[in-house]
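Residue-level structure breakdown
Here are the chains, one letter per residue:
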Amino acid sequence: MDAIVAEDLAKRYKTVQALDGVSFSVRDGEVFALLGPNGAGKSTTVRVLTTLTQPDSGHASVAGEDVVRHPNRVRRTIGYVAQDSGVDWEATGRENMLLQGRIHGMAGAPLRQRVDELLELVGLDDAADRVARGYSGGMKRRLDIAIGLVHKPKVLFLDEPTTGLDPEARAAMWVEVERLAEQENLTILLTTHYLEEADRLAERVAIVSRGKIVVEGTPEDLKAGLHGESVTVELEETDGRVPEAAAVVQELATASEVSVEGHHVRARVPNGAQAIPAILSALDGHGFPVASVTTARPSLDDVYLHYTGREFAVEDEENKPQPPGRGR
Amino acid sequence: MPQVLRHTGWMVVRQARNLMREPIWIAMMVIQPMIWLLLYGQLFSKVPSLRSGAGTYIEFLTPGIVCMNAFFGGTWSGMAMINDLDRHVVDRFLAAPASRLAIVLSQVARAGITAVIQALILLLVGLALGVRVHGGVLGWLVVCTASALLAMVFSGFSNGVALLLRREASMIATANFVGLPLMFLSSILLGAALMPGWIRQISRFNPVNWGVNAARNAVVTGGDWGPTGVFLLLLLAATAATCAFATWTFRAYQRSI
């Protein structure tokens, strides 16, 4: 059975077409990632699925219930960890969780036990009775997740769970999410703009770009769908001539999807071992000294570039002006 | 118990507990109304005509200040909703099966409870300054009810505005725009007999004035329970209307996110 089904969701804010026909489904018990840059429509998709807002057209159901027709039934089965923390700063971690449980109709000893269990699970048992204002970013995030899990939801929505966390806290959060997915027997819909995060956590990934899903599959399938390997050439002395070097590589018949990043020129080739000599001699012939060459199986980065024709980081920059809704 | 009331109860507990952690807030809540009473009481005490029949101006003024304080508190109570919106606490409640009405009612109830506490403080300070509540126990009850309802009417309105505008600056502008005119279109500071005719006419439709009339009947007149009851019922109806408005504004808010 599918835990989440989205069919042709569309939504427009005044001047921005946030969703432009989003369709996907998430199987029961699966960890599924929506991957894309800021402004691609990931959060809007989540807000539709969590009943916070309604689509202009299209249908969606979560745990078998239609999000528009039976929002309250959906709300009872989902946990929602929004992009921006929903922690009440003036209350303690425990108080935050108790209130959320009570809103879900829990009470008494079962509620208190569940709260204790989760506080321990996310490692907040020591800080549980301190006011959340004093929590670090990572602690607030873990409290958010614990709040989202109080009522034992079937489906958990994690909207950008690690944005704004330092690398250490992010790695800890990944371990956390993996453990929760297993222990709580959850279906998880995760949104992220970190390729690494989707690759690490998700069984299946859908790449979102400009309100549409451009491709969907397991990280392995997506990478395998790109034939060949990627070659990365590091140039020694550049003097701003990296784009010229990229143009030289582009000339070669075997190279495609050439891109530039700092001192590096990256290209996709059918076979690394065969292509490298040609690339090196071409660069040498044009007077570009090469520091190093590496080949790799395609990453989600390459997948993203291949299907959107844009570089991940570049699109992120383009979308800096955020869509409406209090700066989210 | 119906779900709405249960949710309202827990959310009021949350707000009360959070406020108790703000000593400055408690100090302001207690001191502010006293300042109004002492300031206005001194300022206008030499103008005997103002008190329209009351024994002293402070006796005339006390029920007025109780009401002014209650409705000011109400008009500002949307700030707490803005804060909850900014902290995304409201979104968290909305994605859970929380009653929309309860989210509004908890803010409204907090405003009402605060107003009653302040009304009692003001009456006690008034007693020390020689005010007598001529309506006795019933009089005290009417003053508390009037101040609670007045705070709730304007709290419902203020929370609706908060959900529509969702910005602190807009909220402050609205509270100022509504607050002072409604105060001067009422008999808080001077008796109706002294008002220009057109202001007197308008004041009859001003909810602030319904509260002031009820509270003043209870303190100064100590009677007129029939009209007093009508004023309180009008305030109750207005509370229902503004709470319904605030609950309705969740639709607009959810369309915008």
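Scroll up a little and you will see the structure.
Overview of the structure. Bear in mind the structure is a predicted one, so any value in this text is a computation, not a measurement. (Residues numbered from 1 in each chain as written. Chains lettered and ligands numbered in written order. Predicted model: local features only at pLDDT ≥ 70, side-chain atom pairs only at ≥ 80, totals over all residues.)

1. Some thoughts on the nonpolar core
Short version of the rule: The nonpolar core is taken to be a set of buried Ala, Val, Leu, Ile, Met, Phe, Trp, Tyr and Cys residues joined by way of C-beta atoms within 7 Å. Exposed residues have 12 or fewer other C-beta atoms within 10 Å of their own C-beta, buried residues have 20 or more, and partly exposed residues fall in between, where C-beta atoms are placed from the backbone. Note on conventions: DSSP H or I runs of at least 4 residues are helices, E runs of at least 2 residues are strands, and numbering of each starts at the N terminus. Once C-beta atoms are placed from the backbone, any two residues with those atoms within 7 Å are in contact.
Counting residues in each nonpolar core, the largest one holds 144 residues, and the members touching the most others are A:Ala146, A:Phe157, B:Cys67, B:Val143, B:Ala146, B:Leu150 and B:Ala215. Of all the elements, helix α7 (residues 136-165) of chain B adds the most residues to this core, at 15 residues. Ignoring anything within four residues of it in the chain, the contact list for B:Leu150 reads B:Cys67, B:Ala70, B:Phe71, B:Gly74, B:Ala115, B:Pro207, B:Val208, B:Gly211 and B:Leu235. Counting 15 residues, the second largest nonpolar core, distinct from the first, contains A:Ala246, A:Val249, A:Ala255 and A:Ala267.

2. Here's the deal with the packing of helix α4 (residues 78-86) of chain B against α7(B)
Residue and element names in this part refer to chain B. The condition is simple: What counts as an axis is a line fitted to C-alpha atoms, over the stretch in contact for a helix, and the angles between N-to-C directions run from 0 to 180 degrees. Oblique is the label for any angle not under 35 degrees, not over 145, and not in the 65 to 115 range, which are roughly parallel, roughly antiparallel and roughly perpendicular in turn. Note: crossing handedness is left-handed where the near helix turns anticlockwise from the far helix by less than a right angle, and right-handed where it turns clockwise. For this classification, Asp, Glu, Lys and Arg are treated as charged, while Ala, Val, Leu, Ile, Met, Phe, Trp, Tyr, Cys and Pro are nonpolar and the rest, including Gly, are polar.
At their nearest, the axes of α4 and α7 sit 8 Å apart, and the two run at 30° to each other. Here α4 lies roughly parallel to α7, going by the angle between them. At the point where α4 passes α7, the crossing takes the right-handed sense. Contacts between α4 and α7 involve Gly78, Met81 and Ile82 from the first element and Ser158, Asn159, Val161, Ala162 and Leu163 from the second. Residues belonging to the contact of α4 with α7 are distributed by class as follows: five nonpolar, three polar and no charged.

3. What to know about the packing of α7(B) against helix α8 (residues 168-184) of chain B
Residue and element names in this part refer to chain B. Closest axis-to-axis distance for the α7/α8 pair is 9 Å, and the angle between their directions is 145°. Handedness of the α7/α8 crossing: right-handed. Of the residues in α8, those in contact with Ser158, Val161, Ala162 and Leu165 of α7 are Ser170, Met171, Thr174 and Ala175. Here the residues of the contact of α7 with α8 are counted per class, giving five nonpolar, three polar and no charged.

4. As for the environment of B:Trp76
Residue and element names in this part refer to chain B. The topology assignment puts Trp76 in helix α3 (residues 57-76). On the neighbour-count criterion, Trp76 (18 C-beta atoms within 10 Å) is partly exposed. As a C-alpha pair, Trp76 and Arg216 span 140 residues in sequence and 24 Å in three-dimensional space. In this structure, Trp76 is in contact with Ser158 and Ala175, ignoring residues within four places of it in sequence.

5. Digging into unusual backbone geometry
All names here are of chain A. One non-glycine residue, Asp8, adopts positive backbone phi at about 55°. Among the secondary structure elements, Asp8 is positioned in strand β1 (residues 2-13). Overall, Asp8 belongs to the partly exposed group, with 14 C-beta atoms counted inside 10 Å. You will see that Glu257, though not glycine, has its phi angle at about 50°, which is positive. In this fold, Glu257 is placed in strand β12 (residues 256-261). Its 18 C-beta neighbours within 10 Å are what place Glu257 among the partly exposed residues.

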